[in-house]
Amino acid sequence: MTITENTPITPSRTGTSPAAKAISAVPAQREHRQTPAGGRQRLVVVGNGMAGIRAVEEILARGGADLFEVTVFGDEPYGNYNRILLSNVLAGADTEDEIFLNTPEWYTDNGIRLRAGTRVTGLDRYARVVATEDGTVTPYDKLIIATGSRSFIPPIKGLTGPDGQLPGGVFAFRTIDDCRSMIAFAGGRRTAAVIGGGLLGLEAARGLQTYGLEVHVIDAAPTLMNQQLCAEAGGILRRGVEELGITVHPGARTAQVLLAADETGDGETDGGAAGDGGGLGRAVGLEFADGTRLDVDMIVVAAGIRPNVDVGLRGGLTVERGIVTDDQMRSVDDPDVYVVGECAQHRGQVYGLVAPLWEQATVLAEHITGVNPDAAYHGSKTATKLKVAGVAVAAMGLKDAEHPDDEVVRFVEPRQGVYKSVVIRDGKLVGATLLGDTAKSASLIQAFDHGLPLPEERLKLLFDIGLPAAEVGAAEMADEAQVCNCNGVSKGKIVACVKGGMKTVPGVMNATRAGKGCGSCKTLVKEIVEWAADGDVEDDPSANWYVPGVPMDKPTLMAAVREQELRSVSAVFAALAPDGREDAASKMALTSLLRIVWGGDFVDERDGRFINDRVHANIQKDGTFSVVPMIAGGVTSPDELRRIADVAEKYSVPMVKITGGQRIDLLGVRKEDLPKVWADLDMPSGHAYGKSFRTVKTCVGKDFCRFGVGDSTALGVAIEQRYHGLESPGKLKLAVNGCPRNCAEGLIKDVGVVAIDGGRWEIYIGGAGGAHVRKGDLLATVDSPEEVMTLTGRFLQYYRENGKWLERTYTFVPRVGIEKIRAVVVDDTEGIAADLDARIQESIDAYRDPWLERDEPATPGQFRASLPLVSLPRVPVR
Amino acid sequence: MSATDTTTSATMDAAIATTSAMRAETTGAGPGSGARAGAGTASGARRTGAVHRLGPVAEIPVGEARAYAVDGQQIAVFRLRGGGLRAVDAVCPHAGGPLADGQSDDAVVICPLHAHVFDLSTGESASGAEPLGCYPVGLAADGTLEVTV
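Not measured: the values here are computed from a predicted model.

**Observations concerning the overall build of chain A**
Logical step 1: Across its full length, chain A holds 28 helices and 41 strands.
Logical step 2: Counting all 878 residues of chain A, 54% fall into the buried class.
Logical step 3: When contacts within chain A are restricted to residue pairs at least 6 apart in sequence, long-range pairs at least 24 apart make up 64% of them.
Logical step 4: Summing over all exposed atoms, chain A offers an accessible surface of approximately 37000 Å²; the carbon and sulfur share of this is 50%.

If you want it as structure tokens, here you go:
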């Protein structure tokens, strides 16, 4: 064996002359234990594709240039290009230049010798050399095999010659040369067949259409994209593909390729290139197993890929489907031989997607450079999201149930070309397919990769229910699109925050204020963060805490409060917060919780309250307040109206407005006037300012309405008088309807009661008609107003004790589940109904109208102006 | 500062504060200094170094704040649960919210209107708003609040 050092095609950065190299060339057998001149090891990379070069880039990024003298061998006579984009080149969407990732200059600039167009044919691990087809050998200290894959050519008669060569008019679809040959050949042809109905086949078919060809897809499998899609989804994809004018032949078994003798002087193909047949003849059609024929002018084979493992075999490495590696991406047989990309088999898996390959390259680089000797690859969960033949597809994990107890949720709308399914096992997402509408792919990929907890309403995995911006997925949104419509935060701003290093959803929300208004965009914000972080979102441990300042969820916190008898907000901080540190943002929620736990025995520290609860009115934009007296059930009297009118005039109230809850709002009242206004009104507080029971909206009911079947006003008034003002995790708005026409909108209330014929009443819970819209769930149908009253109170107490802070019933009810709530509240399966009833009665007994503080202020200066130099109100007077 | 402005909007407490502010103005601040309206900022507050007596500390509940008119400026004084006092501009630079109505702890105040967060010692905002002006504040021997603007 002759051993010569090879001259690089491009000069190396060190500028060593070929002559100097010849002098330094020594037999590898003697050299291989030594470190070459300059203290650098020789790193030889076999394979100049995306995996090999990514690995080199990762090595260089870790100071690899000082450690290694790098030589790269590549079959193809080019720099590294993005193979994924070849279909774009075929379709004319990208030029060849656009898909190159590393130009020859890049190799030069980084001191890498590129031996492009030189196939490695041998590996001698004992001599530590690789041999190339021109008979030369190159020594190495470390070797990376990144030989990728080749097109799989199925064993069909006539498809290949004895030496594996393809006949004229038959093409593989793997390299830039394949692509060029196809483009050169396609001009002037009429029909083409693509063998293979997978991703690559469909992309080839779509690309060939660009050249005016009538395209047939011959798919041996019954379903397009059989690897990723179940039969139903494949059928929908097929419809989409056929709408584009591509004919699909599913389940077609090709028996042989029909050949004609070579035509001489075919000017459209240049000698030596693929497509000319090399004496095998020229393809003119296909014959199928059932005897039918299809005449075509060209055939593209896209029937899958097979790992290139020849170098491994020749080196005596363990090869199964790929070259078998350990977790450091080394061959299991040789610690100096690394394997990366499609030719590597790790824990039984061979990956054909780019994401796992990046992860492997990173681990390889960490390990080979010694930056992190413990770096380990643990395998990848693969998810694809792409547009195939114009149809958006996202697929991950299982395509259908495999075990009897796998849970599958599926939505199919064939006319729209939409298919969505998820496969859930043991509460974790193990597979998902989205076709036609991939808006939910980001959150699904996130849940799939990280095994995140899933919403009880599985439908939410497939749809953004009730979200205003639901149609647009995080990925598709424009940067300047406004995500948070309350605080005016764009997608670009959120993405910039993530790119700036913030990797938790609450962190991004705090920094950008996105989702800090009405909160209805929170899901979208979460999706954008997940998308921008590319799966690298960090879980925020505080997500389950009741308040940010005390690291406990609500049940734990309530237990601690009871056990340690913590009756004030400051006592909770002292006992339970880290370092006993108080936290302004936690105070309001703790005040609410303590009041629910202790009722009247709670030690009321006024700084624990939000301003609205300190002065029992709702703060307005100019620092004035709104005053809403209680008008139970929306039923008032001339005398009350007269007093309200007098107050409005006396205090120059800028606006008097009828509210959505059937009450009257006096807006723009100065803080210092509040006690006087209350005194003159002489009505109880309507609590239109707190996280508490607010109002019961009613319709006229049977006393007046000719359709009424129940006395809705009387029941509504009774409910409001009994429960009004009680603190709760979120505000409570109720309604009672006298008939199923629902004039009081009971189906979209926290609790909605509907009279039905026969003197019975339906109770709905968890409805919403604000930033979020949700129809309530039927809790029970009962026979009397008294039962309505009892069940309402029992549900409210259950919500008060179990709802998270600011969690409205429309979130609470689906989270806990209507069945569970019904079991507890109606059927008393946990035996706590009597306790719930007793505890809400305690809260009712402890209730005192806060507007009575007008006579004896609770704190010094309780109603003193906080903007003493600003003349209020500063709102328009109507 | 125009006297009519303050008397129409101020409560009795605020009127006391105004009186003390006016008294301070006659002793300390120069003429024409009342032209500036609204809140000072960390960089732009009008500083005279004058000490103003505001009133008894007892008029601020522990853990809360009260606002004072001081030499034509509005200043919120916080009485911390940890025992300290802090004085900052009373008006939120974001949208004019009354910071004395905000919830606070030993470190920050949260504006009641849009929940912007400000450090009570530095005036810096943790939520992207412009900073607040901060003022030295302490207690005189007789328990009267004294702020230096």
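So that's the structure; there's more coming.
**Re the packing of helix α16 (residues 505-512) of chain A against helix α17 (residues 522-532) of chain A**
All names here are of chain A.
Logical step 1: Close contact between α16 and α17 brings their axes to 10 Å; oriented N to C, the two are set at 110°. The angle between the axes of α16 and α17 places the two elements in the roughly perpendicular class. Between α16 and α17, the residues in contact are V505, V508 and M509 and K522, V525, K526 and V529, respectively.
Logical step 2: When the residues that make up the contact of α16 with α17 are grouped by side-chain class, the tally is five nonpolar, no polar and two charged.

**Points about the environment of E727(A)**
Logical step 1: Assignment of secondary structure puts E727(A) in the loop between α24 (712-723) and β36 (732-737).
Logical step 2: Apart from the residues lying within four places of it in its own chain, the contact partners of E727(A) are S592(A), R595(A), I596(A), K691(A), S692(A) and R800(A).

**Considerations on the confidence of the model for chain B**
Detailed reading of the predicted coordinates is not advisable wherever pLDDT is low.
All names here are of chain B.
Logical step 1: Chain-level statistics for chain B give a pLDDT mean of 77 and a share of 69% at 70 or above.
Logical step 2: This model gives residues 1-44 a pLDDT under 50, and the stretch forms 65 contacts once residues within four places in sequence are excluded.
Logical step 3: With pTM at 0.56, the complex prediction returns an ipTM value of 0.75.

**Digging into the nonpolar core**
Residues and elements named next belong to chain A.
Logical step 1: Ranked by internal contacts, the top residues of the largest apolar core, which has 65 residues, are V550 and L557.
Logical step 2: In terms of residue count, the dominant contributor to this core is helix α20 (residues 584-598) (seven residues).
Logical step 3: Other than its neighbours up to four places away in sequence, V550 contacts W545, L557, V572, F573, L576, A577 and L590.
Logical step 4: Core analysis: the second largest hydrophobic core is formed by 47 residues, L60, W106, I112 and V340 among them.

**A closer look at the sheet that holds strand β17 (residues 293-295) of chain A**
Residues and elements named next belong to chain A.
Logical step 1: Taken in spatial order, the three strands make up an open sheet running β15-β16-β17, and their pairing is antiparallel. At either margin of the open sheet sits one strand with a lone partner, and together these are β15 (254-260) and β17. On average, adjacent strands in this sheet sit at an angle of 25° to one another, irrespective of strand direction.
Logical step 2: With three bridges joining them, strand β16 (residues 282-288) and β17 adopt antiparallel strand pairing. Looking at β17, one finds that G285 is bridged to D295.

**A look at the pattern of salt bridges**
Residue and element names in this part refer to chain A.
Logical step 1: Inspection of every chain in the model, using the stated rule, returns 58 salt bridges over all chains.
Logical step 2: A salt bridge links E366 to R62, with the nearest nitrogen and oxygen atoms 2.7 Å apart. Here R62 lies in the loop between α3 (50-61) and α4 (64-67) and E366 lies in helix α12 (residues 354-368), a separation of 304 residues in the sequence.
Logical step 3: Using a relative accessible area of 18% as the deciding quantity, one classes E366 as buried.
Logical step 4: Between E402 and R425 there is a salt bridge whose closest N-O contact spans 3.8 Å. With E402 in the loop between β25 (391-397) and β26 (407-413) and R425 in strand β27 (residues 418-425), this residue pair connects regions lying 23 residues apart in the sequence.
Logical step 5: Overall, E402 belongs to the exposed group, its relative accessible area being 54%.
Logical step 6: Linked through salt bridges whose partners overlap, the residues forming this network are R595, D604, R606, R609, E727, R800 and E853.

**Considering the interface of chain B and chain A**
Logical step 1: On the side of chain A, 36 residues touch chain B, which itself brings 41 residues to the contact.
Logical step 2: For the chain B and chain A pair, buried surface summed over both sides reaches about 3200 Å², with 51% attributable to carbon and sulfur atoms.
Logical step 3: Summed over the three residues of chain B that lose the most area to chain A, namely R81(B), D101(B) and Q103(B), the buried surface amounts to 22% of that side.
Logical step 4: Seen at the junction of chain B and chain A, the total is five salt bridges.
Logical step 5: One salt bridge in this structure joins D101(B) and K671(A), with 2.5 Å as the shortest N-O distance.
Logical step 6: Inspection of the chain B/chain A interface yields 17 residue pairs in polar contact (both at pLDDT 80 or more).
Logical step 7: Counting only elements with at least two residues in the side of chain B that touches chain A, the list comes to α1 (3-9), α2 (12-27), β2 (65-70), β3 (73-79), β5 (103-104) and β6 (108-110) of chain B.
Logical step 8: With four residues, β2(B) is the largest single contributor of residues to the side of chain B that touches chain A.
Logical step 9: A per-class count over the side of chain B that touches chain A returns 19 nonpolar, 14 polar and eight charged.

Each value, and the rule that gives it
- Residues numbered from 1 in each chain as written.
- Chains lettered and ligands numbered in written order.
- Predicted model: local features only at pLDDT ≥ 70, side-chain atom pairs only at ≥ 80, totals over all residues.
- Heavy atoms only, no water.
- Helix = DSSP H or I, 4+ residues; strand = E, 2+ residues; numbered from the N terminus.
- Buried < 20%, exposed > 50% of the residue type's maximum accessible area, 1.4 Å probe, protein only.
- Contact = heavy atoms within 4.5 Å.
- Areas by Shrake-Rupley, 256 points an atom, 1.4 Å probe, with all protein chains shown as cover.
- Axes fitted to C-alpha atoms, helices over the stretch in contact; angles between N-to-C directions.
- Parallel < 35°, antiparallel > 145°, perpendicular 65-115°, else oblique.
- Nonpolar A, V, L, I, M, F, W, Y, C, P; charged D, E, K, R; others polar.
- pLDDT = per-residue confidence, 0-100.
- Core = buried A, V, L, I, M, F, W, Y, C linked by side-chain atoms within 4.5 Å.
- Pairing = 2+ DSSP bridges.
- Salt bridge = Lys/Arg side-chain N within 4 Å of Asp/Glu carboxyl O.
- Buried area = accessible area lost by both parts, 1.4 Å probe.
- Polar contact = N/O pair within 3.5 Å; in protein donor to acceptor, adjacent residues only side chain to side chain.

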